[in-house]
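Remarks on the overall topology
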Amino acid sequence: MTQIGSGEGGGAAETIRRYAPMVYGPTAIYSLGQGAILPLLPIVARDFGADLATAALVAAMLVVGQLCGNLPAGWLVARLGERYTMVVASGVSLLGVAGMLLSRHLGVLMVSVFVMGLSAAAFGLARHSFMTTRVPVAFRARALSLLGGSFRLGAFVGPFIAAALLWIFGDEHSSIWFFGASLVVVALLVAFGPDPEERAIAAERAARAERARNAAEQAEAFEPEDTGEAVTGSIPTQARMGILGTIRANRGVLSRLGLAAASLSFVRASRPAILPLWGLSIGLDSSTIALIVGIAGALEFALFYASGQVMDRFGRLWAAVPALVLMGGAMIALAFTHEAGEAAMWFGVFASVIGVGNGLSSGILLTLGADVAPKHSPAAFLGAWRTITDAGGALSPLVVSGLTAVASLSIAAGAIGVVGLLGALAFVRWVPRYVPRRPST
């Protein structure tokens, strides 16, 4: 495993500058394109004759595709490497874009969105795996928080791009064309731009040669110079384990810390489901709801790097537990304000608290996954880790919908809050067991 950077402060800045053009740049471009089409998927489905429930199902196919794609993506990254996996993912996603543009059938549209979800899983896992093996532990959380912030950039800015394209062209398909153009740019950058992995390998070889020259008498303590296994960060024994073998070997951490991480993903995913419905249920108009949710989103986006600073300086718990306590506590408190005289004010307050909590959790799932992944062959483990956490996020809207239908929206909000507080307790229980309080290099 090659790790770039020396010294905590300077090393972090050096690594971020080194990886910004070829790691964060393609990630941000990809997420902007995807973020531009997400709000329009139900509208495109409606144009195909879908009712509201079917239109929601079309939009959900992206999440379903991502959930189903994590384990195959782990297999693909382990065999092709991060760079080629991203090129393949961009190409396959372009097929999905073509299907959306050319299709006139609702079933083809759903398949196209599902394919784009599969590609998103491969793209995200490739970046996650690369950063896991290449970034020193001392500032891993800051680097991964920036990676998470690159993805959040698309969710935050993408809808504004979609609105601008709609205003200019008056056609929902313009956002699909924009996503296609973004994929082409990403594929070209990744395929023909400087490969940060090759630079990391070259740096490792130079470091090994320097160590050999300076300490020739201890040469036997170093790994052989010409074995590609140590340089590329893959060990045949780990590679032969495969996806299922990796899951069996790591079932303890996946079933404990992984489920705690899934609870955080569960609470996060409830926010876009509950907040707009809550605003409607207390009689707010669409513009007011959009303003409140937008303010919460801005707070969330503004704090993504602060989360990495907290995790690197004080430990993972100091980001995970406050985030879940804030989000879970705000959900429970919100559940008691539906009939209050100042319901709109409380809605704004607690939506903002949820946004702050979500911002403080930026990068925590990426960081914890990197902390507990096998160091020499993380891709298969990360595929399983991301499947568990994505399953928590995918389950959340279903729980909100079901509890709202059989009970009330207040009960749904309160239940989400309870899950958040239980998740905080799970982090307190399992993070100290599997992750040091403040990992050292």
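About the thresholds
- Residues numbered from 1 in each chain as written.
- Predicted model: local features only at pLDDT ≥ 70, side-chain atom pairs only at ≥ 80, totals over all residues.
- Heavy atoms only, no water.
- Helix = DSSP H or I, 4+ residues; strand = E, 2+ residues; numbered from the N terminus.
- Buried < 20%, exposed > 50% of the residue type's maximum accessible area, 1.4 Å probe, protein only.
- Contact = heavy atoms within 4.5 Å.
- Expected span 1.5 Å × (residues − 1).
- Core = buried A, V, L, I, M, F, W, Y, C linked by side-chain atoms within 4.5 Å.
- Salt bridge = Lys/Arg side-chain N within 4 Å of Asp/Glu carboxyl O.
- Patch = residues over 30% accessible without salt bridge, like charges linked within 9 Å, V, L, I, M, F, W, Y side chains within 5 Å.
- Areas by Shrake-Rupley, 256 points an atom, 1.4 Å probe, with all protein chains shown as cover.
- Axes fitted to C-alpha atoms, helices over the stretch in contact; angles between N-to-C directions.
- Parallel < 35°, antiparallel > 145°, perpendicular 65-115°, else oblique.
- Left-handed = near helix turned anticlockwise from the far one by under 90°.
- Nonpolar A, V, L, I, M, F, W, Y, C, P; charged D, E, K, R; others polar.
- pLDDT = per-residue confidence, 0-100.

**Points about the side chain of S112**
- Structurally, S112 can be placed in helix α5 (residues 106-134).
- Judged by its relative accessible area of 6%, S112 falls in the buried class.
- Setting aside its immediate chain neighbours within four residues, S112 contacts G96, G99 and M100.

**Some points on α5**
- Spanning 29 residues, α5 covers 43 Å between terminal C-alpha atoms, matching the ideal 42 Å at 1.5 Å per step.
- Taken across its 29 residues, α5 has 23 buried, putting it largely inside the fold.

**Observations concerning the nonpolar core**
- Membership of the largest hydrophobic core comes to 83 residues, with the highest contact counts inside it found for L109, V113, M116, L257, F381, W385 and F427.
- Every residue in contact with L257, bar those within four places of it in the chain, is listed here: V372, W385, F427, W430, V431, Y434 and V435.
- Counting residues in hydrophobic clusters, the runner-up holds 15 residues, among them V135, L144, L146 and F304.

**Overview of the pattern of salt bridges**
- A complete count under the given rule lists 6 salt bridges for this structure.
- Residue R271 is joined to E300 by a salt bridge in which the shortest nitrogen-to-oxygen separation is 3.1 Å. Here R271 is found in helix α11 (residues 251-281), whereas its partner E300 is found in helix α12 (residues 286-302), with 29 residues between them in sequence. Here the two residues R271 and E300 agree in accessibility, since each one is buried.
- Close ionic contact of D371 with R316 constitutes a salt bridge, the shortest N to O distance being 2.7 Å. A residue pair is termed long-range when its members are at least 10 positions apart, and D371 in helix α16 (residues 364-372) and R316 in the loop between α13 (304-314) and α14 (317-335) qualify at 55 residues. Across this residue pair, the class does not change: D371 and R316 are buried.

**What to know about the environment of I292**
- Position of I292 relative to the elements: it lies in helix α12.
- Once you skip the residues sitting within four places of it in the chain, I292 turns out to touch L284, F347, G348 and A351.

**Here's the deal with a nonpolar patch on the surface**
- On the surface, L80, Y84, V88 and V92 cluster together into a nonpolar patch covering about 350 Å² of accessible area.
- For the nonpolar patch, the leading source of residues is helix α4 (residues 82-102), giving 3 residues.
- Among the structural elements, Y84 can be located in helix α4.
- The exposed category is assigned to Y84, whose relative accessible area is 56%.

**Some points on the packing of α11 against helix α18 (residues 409-434)**
- As a packed pair, α11 and α18 sit with axes 8 Å apart at the nearest point and diverge in direction by 155 degrees. Between α11 and α18, the crossing angle belongs to the class labelled roughly antiparallel. The chirality of how α11 crosses α18 is left-handed.
- Grouping the constituent residues of the contact of α11 with α18 by class yields 20 nonpolar, 7 polar and 2 charged.

**Describing the confidence of the model for the protein chain**
- Chain-level pLDDT for the protein chain is 82 on average; 82% of the residues reach the 70-or-more range.
- The element-level mean pLDDT for the protein chain is lowest in helix α9 (residues 228-232), coming to 38, with α14 highest at 95.
- Predicted confidence is poor over residues 1-9, with pLDDT under 50, and the contacts of this stretch with residues over four places away or in other chains come to 37 contacts.
- Under a pLDDT of 50 for its full length, residues 221-239 has, in the predicted model, 27 contacts with residues more than four places off or in other chains.

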